[in-house]
Amino acid sequence: MLAKVLERFIKWSLSAWRDLSLDAKVVALFGVGNWFLLFANHTTVAATHDVPLWQLFPPGADVVFLIVCGTLAFAYPFRDHRARGSFTTRARVAHLAAIIATFVIIPTLASIILRETGKPYTYVHDGALMVEEASRKFIAGMNPYVADYLDTPMFFWPMINNPALYHLTYFPFMFLVTGPFVWFFDHFGFVWDQRYLYLPAYIGTLALVPFIVEGAARRLAMTAAIALNPQLFPFVVEGRNDFFVLLFLFAGLALLMRERRTMSSLAFAAAGAAKLHALIFLPFVAVYLIATKRPRNLREAVAALVPTWPAALFLLATFVPFLANNFGAFYDDVVSYNAGGAAWTYPISGMGFSAILLALGLIPYRQADFPFAAIEIAVAAPIAVWWFIRLWQRPTIATLLAGYALTLLAFLFFGRYFQGNYLGFIAAVFTPVPFLAARATRRVPRRVRRPAPTVTMPPPSRQPAPAPLPSPAPMPIALDSVAEPSPVGVGSTD
């Protein structure tokens, strides 16, 4: 009896799943899946150890938070299944916005409040704290790559012998943008939190999705997949900068799809000036810009890159002052610290190739030097070259993003550390690919003109022709009775 009930339930579930719209399937997959993960796996930085997101709320409110998250996640596919057409696009947008607000925005605000009412080094990731303090060092006239951070709240951040006390691993644009906000808040006695910048970047990235894909269902599905990425959204709560970089990447994509090449290259340059992840994207953009112009010689290829000169100036203005001031300090913080070889190297961590070697005992301890840089370049470079060739042959946005995402995956996975948010960032970059690829493969059926039937005339008779009859008077012909030939249909070349 129980087996039959279970069989009927499975059949009903499969039938109901097939009837769901695309956006309802994606929301159900990510929403319900993340709801289960909320109970233990989705954690955030607290005072001395990581805690589940629901523990950001006081007793009673934590239960309400979990109930609301689960109810909203299950309700979306239920409304789609039951309401059908009455579940309008506006209602779907509002429902998805409520899910995002509950899962991400409210916990982020709770974490900000807990930090402001407690210690400045609690309930925040050390990366956000590092950018805040680097901005203060810069405002004070110091080079953030030369200074150490022993005199900042970083010293009390819950990590023993934190190497970030001696190394600033981020590119300059991150703290240059933060500087004016830090100055204003410090000058007028307010408490600045880096998430005041990162949370709007998260919302802004999602707002750009309608400018990248078409169709209400696809837009909602892609928004849900990025907003509820299980390897990304929990890190918004603690203040990691992935969506700050994604905001510029998505803005650049939206502009590039509209042939705004100068503005798009500026957006990509801003992303690259903020993080190494995005700097790897720039060669792919250069190949795309040249390939879409189909140059016949080197001069035309160079001309295709002329719109990028403001972006090049922007990158030079961002990096050159710090390189000229102290190249050794910049290299030690940004390169040696991450790759190995610095006096105090970043410890091996995460879920990548380095963690496998450490678990197998092939690396003796977490801060041991190992030639990860040579390995990641040896693996990622052939993948990048192969995608450059493919992008040259088929210059589409989908190919551009796929090549970048897979190259970045190879580069980071074989690096010194491969964190969960790295995987989430790569997944977010790749998310538009199936939506854009599906749009590119759609074709309008081509109408082919059928040839007129040939009429076979009988052979001429050998008998003498009869005498010609008088020709009848010509009949008037109405012009509108003559049918024009139908044009040959042209298929879509998207």
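Calculation notes
Note on numbering: residues in each chain are counted from 1, in written sequence order. Given that the model is predicted, a residue must reach a pLDDT of at least 70 before its local features are reported, and side-chain atom pairs must reach 80 or more before they are shown or counted; all residues, however, enter totals for whole chains, interfaces and linings. Hydrogens are left out, water is left out, and the side-chain values use all remaining heavy atoms of the structure. A pair of Phe, Tyr and Trp rings is counted when the ring centres sit within 6.5 Å of each other, with Trp represented by its six-membered ring. The angle between the planes then sorts it: under 30 degrees is stacked, over 60 is edge-to-face, the rest tilted. Think of it this way: any DSSP run of H or I at least four residues long counts as a helix, any run of E at least two long counts as a strand, and we number them from the N terminus. Note on classification: 1.4 Å probe, protein chains only; a residue is buried when its accessible area is under 20% of the maximum for its type, exposed when over 50%, partly exposed between these limits. We call a set of buried Ala, Val, Leu, Ile, Met, Phe, Trp, Tyr and Cys residues a nonpolar core when their side-chain atoms join them within 4.5 Å. By definition in these notes, contact holds between two residues if any of their heavy atoms fall within 4.5 Å. Think of a salt bridge as a Lys or Arg side-chain nitrogen and an Asp or Glu carboxyl oxygen that are within 4 Å of each other. As a per-residue measure, pLDDT tells how confident the predictor is, with possible values from 0 to 100. In this analysis, the expected span of each helix is defined as 1.5 Å times one less than the number of residues it contains.

### With respect to the packing of aromatic side chains
- As enumerated under the stated definition, the model contains 43 aromatic pairs in all.
- Here Tyr 145 and Phe 322 contribute two aromatic rings whose centre-to-centre distance is 5.8 Å and whose plane-to-plane angle is 75°, an arrangement assigned as edge-to-face. Of this pair, Tyr 145 sits in the loop between helix 5 (126–139) and helix 6 (172–187) while Phe 322 sits in helix 15 (residues 309–325), and the two are 177 residues apart along the sequence.
- A relative accessible area of 3% places Tyr 145 in the buried class.

### Brief notes about the nonpolar core
- If you look at the biggest cluster of nonpolar residues, it comprises 127 residues, and the most contacted ones within it are Leu 249 and Phe 281.
- Examining the composition of this core, we find that 11 residues originate from one element, helix 19 (residues 397–413), more than from any other.
- Apart from residues no more than four positions distant in its own chain, Phe 281 is found in contact with Leu 249, Leu 253, Phe 268, Leu 400, Leu 401 and Tyr 404.

### A short note on the pattern of salt bridges
- Counted under the stated rule, the structure contains 12 salt bridges.
- Among the salt bridges present, the one from Lys 275 reaches Asp 242, with a minimum N-O distance of 3.4 Å. In this pair, Lys 275 is assigned in the loop between helix 11 (261–272) and helix 12 (276–279) and Asp 242 in helix 10 (residues 242–256), connecting sequence segments 33 residues apart. Pair check on accessibility: Lys 275 and Asp 242 agree, each one buried.
- In this structure, a network of salt bridges that share partners links the residues Arg 115, Glu 132, Asp 193 and Arg 195.

### What to know about the confidence of the model for the protein
- Chain-level statistics for the protein give a pLDDT mean of 87 and a share of 87% at 70 or above.
- Per-residue pLDDT stays below 50 along residues 460–467; that stretch engages in 0 contacts with residues further than four places along the chain or on separate chains.
- Predicted confidence for residues 471–494 stays below pLDDT 50, and this span has 16 contacts to residues more than four positions away or in other chains.

### Here we look at helix 19
- Helix length check: helix 19 (17 residues) gives 24 Å between terminal C-alpha atoms against 24 Å at 1.5 Å per residue, within 8%.
- A large share of helix 19 lies buried, amounting to 14 of its 17 residues.

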